[in-house]
Amino acid sequence: MDHLQALDKYFTENRETHLEQLKDFLRIPSISALSDHQGDMQKAAEWLLESFKQAGLENLSIDKTDGHPVVYGDWLHAEGKPTILVYGHYDVQPVDPLNLWESGPFEPEVRDGKLYARGASDDKGQVFMHVKAVEALMKENGSLPVNVKFIIEGEEEVGSPNLEKYIEENKEKLSADIIVISDTGMYGPGKPAICYGLRGLAGVQIDVRGAKGDLHSGIYGGGVQNPIHAIADILSSFHDKEGTIAVEGFYDDVRPLADEEREAYRALNFDEEALKEEIGVNELFGEKGYSYLEQTWTRPTLEVNGVFGGFSGEGIKTVLPAEAGAKITCRLVPDQDPEDIVRKLRAHIEKHKPTGVTVTVSEFDKGKPFITPFDHPAIQAAGKSYEKVYNVPTAFTRMGGSIPIVAAFDEILNLPVVLMGFGLSSENFHAPNEHFHLENFDKGLRVIGDYYYELSEFTKDDLNI
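A brief structural summary. (Residues numbered from 1 in each chain as written. Predicted model: local features only at pLDDT ≥ 70, side-chain atom pairs only at ≥ 80, totals over all residues. Heavy atoms only, no water.)

### A word on the overall build of the protein
Helices and strands together make up the secondary structure of the protein, namely 15 helices and 18 strands. Compactness check: the protein gives a C-alpha radius of gyration of 25 Å against a globular reference of 23 Å for 465 residues, within 12% of the reference. For the protein, the spread of C-alpha atoms along the principal axes amounts to about 85 × 50 × 45 Å. Looking at the protein residue by residue over its 465 residues, the buried ones come to 54%. In the protein, of all internal contacts separated by at least 6 residues, the share reaching a separation of at least 24 is 80%. Within the structure as shown, the protein displays about 21100 Å² of accessible surface, and the carbon and sulfur contribution to it stands at 47%. Each charge class in the protein can be summarised by its mean position, and for the 45 positive and 78 negative side chains these summaries are 2 Å apart. (Helix = DSSP H or I, 4+ residues; strand = E, 2+ residues; numbered from the N terminus. Rg over C-alpha atoms; globule rule 2.2 N^0.38 Å. Buried < 20%, exposed > 50% of the residue type's maximum accessible area, 1.4 Å probe, protein only. Contact = heavy atoms within 4.5 Å. Areas by Shrake-Rupley, 256 points an atom, 1.4 Å probe, with all protein chains shown as cover. Lys, Arg positive; Asp, Glu negative; His and termini not counted. Charge placed at Lys NZ, Arg CZ, Asp CG, Glu CD.)

Below, the structure is given as structure tokens:
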């Protein structure tokens, strides 16, 4: 019996036990955003620590931070073999609106081959899979083919405000050869994917101030600058008519897209017509010369997220407003720097601000982009493990969104990051009726266990490229 057969036997024999254990984990309402759940956060951390112990991990600890704790465990007896650092989170999103849930958000229920509960997909279910993969290997062999370290935090859903400091203070404790994160999704049902790149983020708010108070548009209109006109001028200056960003120097540091990546994206046969129907638009729009996937995965953006000012109630109010504003965010790609982009935005706004108003710019969220070369051995090994279990080729993708802590891991620990997810975009994470397809739970356990064996074939030097 080879190791994949042994894993299959173990997970088949223990499936119901594992599901009940996962349900126990999901029953804990570990909502990091709500102070009323402080005790639940500690309970979830303690539950996770006990599951580490039962799996055979050692050097267990619940490490305090300035917020919710980090749960740590390791097994480090595979001499000469690579070390994997597994990251995930045990906190979950709030559950509102509660009336839209078909079953209680913390009362796990299986329906139609799906496990419904808050955290089922994001991220308790996926964290649990890594723990059980370790348990299976330890029960079957008494050892692991590689060294592993687990760092599971309790603040991902509130932006991981204390994790970066924790990583900085524990560099030696967290030293490894690769980082594996299962908090992302597959390309589609039955279509496994390895995400090797995420866009970064830079957000600002623009506030425009005119007169000291609202003015009568009949008396003052035409003689005093209108802040809404001014913010509209500024916003329209950000792009040309074809959607290219017109901020000077915005594209200077953008890493070109490799031909191999373009070929890989074309091979996915993405259906743009189906997308248009799904989201209810008659045409897609974006930077010329790039496909939709290239635009949303590999090119930077500047989007207006909201505009405010003036009267917007029922009927007409003949007012010349005193102030107006807008919120914008930029998604960034390798090798753009959020601080540099904000400086360029400030310079552009200063250059294009109309006369007769005062303009201020406030900075908000920032996060650096991340990328691991998709031909990296750790990425390719993950693809092989997916293919063994799913019996289809693995897609190598980037994501248009941002997970700032991934870039922090990359920057602070200087390690390749493997985003090895098993969720689906349809699983309602962050929304009512969150669920996890048990097909991917079952297959994912086997993929993860096999991946540890795949990585054991490499030396540390093989992964240090």
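### Some remarks on the sheet that holds strand β4 (residues 109-111)
Read from one edge to the other, the open sheet built from 3 strands follows the order β4-β5-β18, with strand pairing classed as antiparallel. Across the chains shown, the open sheet's two edge strands, defined by having one partner strand only, are β4 and β18 (435-437). Averaged over all pairs of adjacent strands, the angle between their axes in this sheet comes to 25 degrees, without regard to strand direction. (Pairing = 2+ DSSP bridges. Axes fitted to C-alpha atoms, helices over the stretch in contact; angles between N-to-C directions.)

### Some points on a nonpolar patch on the surface
A grouping of I219, Y220 and V224 is seen on the molecular surface, where their side chains present a nonpolar patch of about 280 Å² in accessible area. For V224, the position within the fold is in the loop between α6 (217-220) and α7 (227-236). (Patch = residues over 30% accessible without salt bridge, like charges linked within 9 Å, V, L, I, M, F, W, Y side chains within 5 Å. Salt bridge = Lys/Arg side-chain N within 4 Å of Asp/Glu carboxyl O.)

### Description of the pattern of salt bridges
Overall, the coordinates contain 32 salt bridges when judged by the stated rule. The partner of E350 in a salt bridge is K353, and the shortest N-O contact between them spans 3.4 Å. Here the salt bridges share partners, and the residues they tie into one network are E339, R346, E363 and K366.

### Some points on the packing of helix α2 (residues 15-26) against helix α3 (residues 38-55)
Where α2 meets α3, the closest approach of the two axes is 10 Å, and the angle between their N-to-C directions is 155 degrees. Relative to α3, α2 is oriented roughly antiparallel. In this structure, α2 contributes Q21, D24 and F25 to the contact, and α3 contributes A44, W47 and L48. Within the contact of α2 with α3, the residues separate by chemical class into 4 nonpolar, 1 polar and 1 charged. (Parallel < 35°, antiparallel > 145°, perpendicular 65-115°, else oblique. Nonpolar A, V, L, I, M, F, W, Y, C, P; charged D, E, K, R; others polar.)

### Things to note about the environment of M420
The topology assignment puts M420 in the loop between β17 (417-419) and β18. On the basis of relative accessibility, which here comes to 0%, the residue M420 falls in the buried class. As for M420 and V180, which are separated by 240 residues in sequence, their C-alpha atoms are 6.8 Å apart.

### Some points on helix α11 (residues 338-352)
For α11, with 15 residues, the first-to-last C-alpha span of 21 Å sits near the 21 Å given by 1.5 Å per residue. Within the sequence span of α11, burial applies to P338, D340, I341, V342, K344, L345, H348 and I349. Elements that come into contact with the buried residues of α11 comprise β9 (200-209), α7, β13 (323-332) and β14 (358-367). The opening residue of α11, the one whose side-chain oxygen lies 3.2 Å from the backbone nitrogen of E339, is D337. (Expected span 1.5 Å × (residues − 1). Polar contact = N/O pair within 3.5 Å; in protein donor to acceptor, adjacent residues only side chain to side chain.)

### Concerning the nonpolar core
Ranked by size, the top nonpolar core spans 75 residues in total, and within it F150, V418, M420, Y451 and Y452 carry the most contacts. Beyond its immediate stretch of four places on either side in the chain, V418 contacts I178, I179, V180, I181, I194, A378, I379, A382 and Y451. Core analysis: the next-biggest nonpolar cluster, separate from the first, contains 26 residues, Y72, I179, F370 and A407 among them. (Core = buried A, V, L, I, M, F, W, Y, C linked by side-chain atoms within 4.5 Å.)

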